[in-house]
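So you can see what is in the structure, the chains are spelled out below.
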Amino acid sequence: MRMRFTVNPYYLLAHSIEKAWGNKPSLRWVKIVQKVQSSPLFIFKSRWETFAKINSGELLGRAFQKTESAFRVAMRTQEFKRILQETETYCAWVEKEWKQKGKYAIQLLKDIAGIKPPSTTITVVITHPKLSNGAFIPKENLIFWGHPEEWKNYTIVYLCHELLHIFTHKKHSNERIMHAIIELATDNELRIRLNGKGTYFHEGKIEVGHPMLRKLERELLPLWQKYLRGTPGVKDIFDLEKKATRKLG
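A. Just the sheet that holds strand β3 (residues 133-137), in detail. Pairing is mixed across the open sheet formed by 4 strands, whose spatial order is β1-β2-β4-β3. Each having just a single partner strand, β1 (2-6) and β3 make up the two edges of the open sheet. Taking the axes of each pair of neighbouring strands and ignoring which way they run, one obtains an average angle of 20° across the sheet. For β1 and strand β2 (residues 121-126), the ladder comprises 5 bridges, and the chain directions are parallel. Within β2, the residue paired with M3 across the bridge is I122. Contacts from helix α6 (residues 78-113) reach β1, β2 and β4 (142-146), with the element oriented near 165° to β1. Seen against the sheet, helix α7 (residues 154-168) touches β1, β2, β3 and β4 and runs at an angle of roughly 155° to β4.

Here is the structure:
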């Protein structure tokens, strides 16, 4: 499996507009965004597949004809150029971090999840680290990522989280339970193994994982701990998901 890291200026622009709240990444950018009167944010939220395929040298496309001018004005501003530069610097850091730690993280992940990564290329589209982003499109082998490094190996852990979503897509019967298992596997177990210390659901004073899954994850924890020790007939997280679904529904 190969990881390819890239910055798509058009996607970066759209994401930076959508996430311009709380004066992020800067107050100047928020003021610029307020001047973009007709930004078609609904397209970015509902048609990621189409948008993700746009190369940096192409026009925004027919879907953006009415608002392309406003977007190009925003793209030419010094503030967006700064966002792009900072994102490219961040992308280089993420790629270096993955080159240094990714192979080991994948080995740990294989041991934890019991599954072998496919022989394919995963493209990681990087956005500004101050504008939180974490999503995936499995059929395109795409990950969207950008986030502050809240604790040691944060980016490595959550890239593996998104990878597991891609690896397990359409191979499970209960999406909610599989998501909870993915969080137990990556946000928790992988984090602790990579860092050599830690506890489930917390990294220092920071809560780890989605609050909406916390109750389910605590219910799954005894099954999960038995699975890590070795449970007959449960060789990987797919078997675990089936067992958990039968028990918890």
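B. Examining the side chain of D236 more closely. If you trace the backbone, D236 turns up in the loop between α9 (211-229) and α10 (237-248). Look at D236 and you get buried, because its relative accessible area is 8%. Here D239 takes part through its backbone nitrogen, which lies 2.9 Å from a polar atom of the side chain of D236. Contact partners of D236, with chain neighbours within four places excluded, come to A113, G114, I115 and Y227.

C. Up close: a positive patch on the surface. Taken together, the side chains of K226, R229, K242, K243, R246 and K247 define a basic patch exposed on the protein surface. Taken together, the elements giving at least two residues each to the positive patch come down to α9 and α10. For the positive patch, the element with the most residues is α10, which contributes 4 residues. Here R246 shows up in helix α10.

D. Up close: the pairing of β4. Along β4, 5 of the 5 residues are buried, which leaves the element largely enclosed by surrounding structure. Both faces of β4 are covered, namely the face carrying L142, F144 and G146 and the face carrying I143 and W145. Examined bridge by bridge, β2 and β4 share 4 bridges and lie parallel to one another. When the sheet's bridge partners are listed, I126 is paired in β4 with W145. As paired strands, β3 and β4 are joined by 5 bridges and run antiparallel to one another. Paired with A135 across the bridge in β4 is F144. Turn length for the β3-β4 hairpin, with the two strands adjacent in sequence and antiparallel, is 4 residues, and the turn residue N141 shows positive phi of about 55°.

Rules of the game
Residues numbered from 1 in each chain as written. Predicted model: local features only at pLDDT ≥ 70, side-chain atom pairs only at ≥ 80, totals over all residues. Heavy atoms only, no water. Pairing = 2+ DSSP bridges. Helix = DSSP H or I, 4+ residues; strand = E, 2+ residues; numbered from the N terminus. Axes fitted to C-alpha atoms, helices over the stretch in contact; angles between N-to-C directions. Contact = heavy atoms within 4.5 Å. Buried < 20%, exposed > 50% of the residue type's maximum accessible area, 1.4 Å probe, protein only. Polar contact = N/O pair within 3.5 Å; in protein donor to acceptor, adjacent residues only side chain to side chain. Patch = residues over 30% accessible without salt bridge, like charges linked within 9 Å, V, L, I, M, F, W, Y side chains within 5 Å. Areas by Shrake-Rupley, 256 points an atom, 1.4 Å probe, with all protein chains shown as cover. Salt bridge = Lys/Arg side-chain N within 4 Å of Asp/Glu carboxyl O. Lys, Arg positive; Asp, Glu negative; His and termini not counted. Charge placed at Lys NZ, Arg CZ, Asp CG, Glu CD.

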